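# Analysis of the macromolecular model
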Amino acid sequence: MADGIFFWGPVTSKEWCEPNYVQSSYIAEFFNTISNIPCIILALIGLVNALRQRFEKRFSVLHISNIILAIGSMTYHATLRQMQQQGDETPMVWEMLLYIYILYSPDWHYRSTMPTFLFLYGALFAIVHSQIRFGIGFKVHYALLCLLCAPRAYKYYIHTEDTLAKRLAKLYVATLLIGAACWLCDRLFCKQIQGWYFNPQGHAVWHVLMGFNSYFANTFLMYCRAQQREWNPKIKHLFGFFPYVKIQKPKTQ
């Protein structure tokens, strides 16, 4: 922008390895913004399937949370403002709390205790995060929430016999590892990358892979839950590519 005047004002949030306002005068980080669109599309596919087959509401909420997270990420990268960064990071924590609930609630005997605690925890985090910039503390906190999900997710995996369902879990791990590598390279080697003729846009690739990552995770969890409810789940593919869960509920349900 001319004279250093940007459409959204001065940058007040963390920047990534993409030059600002190059592709558009109205979007600070163009590729990091539009790369969230696949996440929204995939979440909509999952939401339609969850509603059409009348899965439990938790899965509709989960897909909607993916959409909210993607929109938050878009506004953050489009503006590079601190408030929008918090609007991206807070839904990340909320989503992980939702994953914790979905993973652990089937074996939780006190049904109201867990959702009440997780709701209060999420609300408290949102209030504190609106006032404090956590920096590395946020990453550590988010990583710990992810680690809490890992043992239960692995338990589901080893108790799943269906080959296509297990492939979803493997795709989840693969997209997570490749995406994390792209994220780290974009973050750690930004100065070198900026000297290249072509910027591979590692953070944007991370967004795309995380969209698929969330979709694979959600679909796998829907399969596992349908198996718990004895809904005879099967993995089918939309357009021969997008996996989804098809169920057959007993007539009494």
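Residues numbered from 1 in each chain as written. Predicted model: local features only at pLDDT ≥ 70, side-chain atom pairs only at ≥ 80, totals over all residues. Heavy atoms only, no water.

### Details of the pairing of strand E2 (residues 242-246)
Both strand E1 (residues 234-238) and E2 contribute to a ladder of five bridges, which runs antiparallel. Bridge pairing in E2 links His237 to Pro243. (Pairing = 2+ DSSP bridges. Helix = DSSP H or I, 4+ residues; strand = E, 2+ residues; numbered from the N terminus.)

### Quick notes on the nonpolar core
Core analysis: the biggest nonpolar cluster contains 39 residues, and Phe55, Phe59, Tyr99, Leu221 and Val245 have the highest contact counts within it. Looking at this core, the elements that each hand over two or more residues are helix H2 (37-52), helix H3 (57-79), helix H4 (82-104), helix H5 (113-131), helix H6 (136-158), helix H7 (163-188), helix H9 (202-228) and E2. Setting aside chain neighbours within four positions, we find Phe55 in contact with Asn49, Ala50, Met222, Ala226, Trp231, Val245 and Ile247. (Core = buried A, V, L, I, M, F, W, Y, C linked by side-chain atoms within 4.5 Å. Buried < 20%, exposed > 50% of the residue type's maximum accessible area, 1.4 Å probe, protein only. Contact = heavy atoms within 4.5 Å.)

### Digging into the packing of H4 against H9
Between H4 and H9, the shortest axis-to-axis distance is 11 Å and the interhelical angle comes to 25 degrees. Here H4 lies roughly parallel to H9, going by the angle between them. Between H4 and H9 lies a crossing of left-handed hand. Across from Tyr99, Ile102 and Leu103 in H4, the residues of H9 making contact are Ser214, Ala217, Asn218 and Leu221. Its residues assigned to classes, the contact of H4 with H9 comprises five nonpolar, two polar and no charged. (Axes fitted to C-alpha atoms, helices over the stretch in contact; angles between N-to-C directions. Parallel < 35°, antiparallel > 145°, perpendicular 65-115°, else oblique. Left-handed = near helix turned anticlockwise from the far one by under 90°. Nonpolar A, V, L, I, M, F, W, Y, C, P; charged D, E, K, R; others polar.)

### A look at H2
Over its 16 residues, H2 runs 23 Å from end to end, which matches the ideal 22 Å to within 8%, given 1.5 Å per residue. When H2 is considered as a whole, its buried residues turn out to be Cys39, Ile40, Leu42, Ala43, Gly46, Leu47, Asn49 and Ala50. At its buried positions, H2 is contacted by H3, H9 and E2. Taken from the residues just after H2, Arg54 is the one with a positive phi, measuring 55 degrees. (Expected span 1.5 Å × (residues − 1).)

### Remarks on the UniProt feature "transmembrane region" (unreviewed entry) in the protein
Mapped onto this numbering, the UniProt entry gives "transmembrane region" (unreviewed entry) at residues 30-48, 60-80, 117-134, 169-189 and 204-224. What you have in residues 30-48 is 89% helix and 0% strand, and the ends, taken at the C-alpha atoms, are 29 Å apart. End C-alpha atoms of residues 204-224 are separated by 30 Å, and the span's content is 100% helix alongside 0% strand. (UniProt positions renumbered as here; feature names shortened; annotations may be inferred.)

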